[in-house]
Amino acid sequence: MQVDKFAYYPFISEASTHVENLGISLDSLLNSRAFRTARVRGIERVKEALEGEIKKSHLFGEAQALSELLSYPFARMLVACVNDSLFTRRYALAEAKAAYNILKNENPTFLLEFGEDFRISVEFKDTYFIMHFTDYIHFSNSLKDPAWKLTNRTFRAGKVSITKEEFARLLEEAIRERIDHFLPIPEIPEEVSNFCAPYVAEIKDQFEIQKKKFWATDFGIVEPEFFPPCIFHAIANVKSGVNLAHSMRFAMTSFLLSVGMSVDEILNLFNISPDFGTEKTLYQIEHISGSTGNKYKPPACDTMRTYGNCIGKDRLCKKIKHPLSYYEKRIYLKNKEKENGNEIEQGK
Ligand code: SF4
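Residues numbered from 1 in each chain as written. Predicted model: local features only at pLDDT ≥ 70, side-chain atom pairs only at ≥ 80, totals over all residues.

**Quick look at the sheet that holds strand S4 (residues 159-162)**
- Read from one edge of the open sheet, four strands run S1-S2-S4-S3, paired in antiparallel fashion. Because the sheet does not close on itself, it has two edges, and the strands there are strand S1 (122-125) and strand S3 (155-156).
- Relative to S4, S3 is paired through two bridges, and the arrangement is antiparallel. Its bridge partner lying in S4, Phe 155 is registered against Val 160.
- Packed onto the sheet, helix H8 (residues 133-140) meets strand S2 (128-132), S3 and S4 and runs at close to 95 degrees relative to S2. (Pairing = 2+ DSSP bridges. Helix = DSSP H or I, 4+ residues; strand = E, 2+ residues; numbered from the N terminus. Contact = placed C-beta atoms within 7 Å. Axes fitted to C-alpha atoms, helices over the stretch in contact; angles between N-to-C directions.)

The structure is reproduced here in structure tokens:
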């Protein structure tokens, strides 16, 4: 790949190697006046990600391209210092979306080379990309539109045909996965955390404001702060525009119905997703709620684990076998605490 492309795709292996070969020390990146523009752009990059869109403009000249390229490792340091998995996902999604907007206009030869960096087995024939079905399933798994279902594709000899734009969309998923996977950085050098501290504090404040707005959603009689990690995480993903896998979408919807949320309240939750379709979503929620005669229960923890929907257990998770038991236990503990508090107040 040509060096001038690295600024647009700084997360590919060749771009990282190029940055390493430039021999710029961490100290220089953090302190040198020569890299001030890169740092400013890095901060901007993260703040834009928080707002949902990293803006990319045409780069003029080598100096601007270098600043854009170096702004990426600096932005990653900031995200690592924020050290919040939800924020990391938001950042990874915004980077991947920004890359997709450029990728979809690249020529097929470039896209094939780009795919190789992600070990995606693909060929280009006539006007279509032909992808091995295992790669196809891997990267289309979280895309909700039924058009992505394997049963709705031209599928021959274990290969799936996709358009150029669809291939770029799957590459977006591959990029998101890569960025998310390599963050947070396990050991952040002290000089980095000290340097980043003021920016990180500002970013965290903005993120907290967004989270408050998020939880200001009408959950009706339900107490969302007592949701188990898997459901909390799924709602956070929906709210930040990340597509849920079908099995998680089902688990979240059936859980929310079971704890007492109404169909309309759940519909409002999904209303933020970019490919939200009111009628289709309403139909799915109503179907799970039993409007067609069969009321579905949320899956147990074992099933959640099988589908990869159980995210890091907390202490209470280790004692329960069902996400609903988690919620009920937390409500029980809260009421117990309240009772004890009242007893102490009344001097019993
Ligand atoms: S252990 Fe159960 S309740 Fe806890 S995160 Fe996993 S699936 Fe959810």
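From this point, the narrative continues.
**Thoughts on the site of the ligand**
- Within the structure, the ligand sits among Pro 228, Pro 229, Cys 230, Cys 301, Met 304, Cys 310, Ile 311, Lys 313, Cys 317, Pro 323 and Tyr 326.
- Those elements giving two or more residues to the shell around the ligand turn out to be helix H11 (229-239), helix H15 (301-306) and helix H16 (323-345). (Near = placed C-beta within 6 Å.)

**Concerning H8**
- Residues of H8 that are buried include every one of Tyr 136, Phe 139 and Ser 140, and no others. Buried residues of H8, seen end-on, are gathered within an arc of 90 degrees and therefore sit on one face of the element.
- Where H8 is buried, its residues meet S2, S4 and helix H9 (164-181). (Buried ≥ 20, exposed ≤ 12 C-beta atoms within 10 Å, placed from the backbone. Arc of directions from axis to C-beta.)

**Concerning unusual backbone geometry**
- You will see that Asn 83, though not glycine, has its phi angle at about 55 degrees, which is positive.
- By the element assignment, Asn 83 lies in the loop between helix H5 (61-82) and helix H6 (85-103).
- Of the residues examined, Asn 83 has 15 C-beta atoms within 10 Å and is grouped as partly exposed.
- Look at Ala 157: it is not a glycine, yet its phi comes out positive at around 50 degrees.
- Residue position: Ala 157 is located in the loop between S3 and S4.
- A tally of 7 C-beta atoms within 10 Å means that Ala 157 is categorised as exposed.

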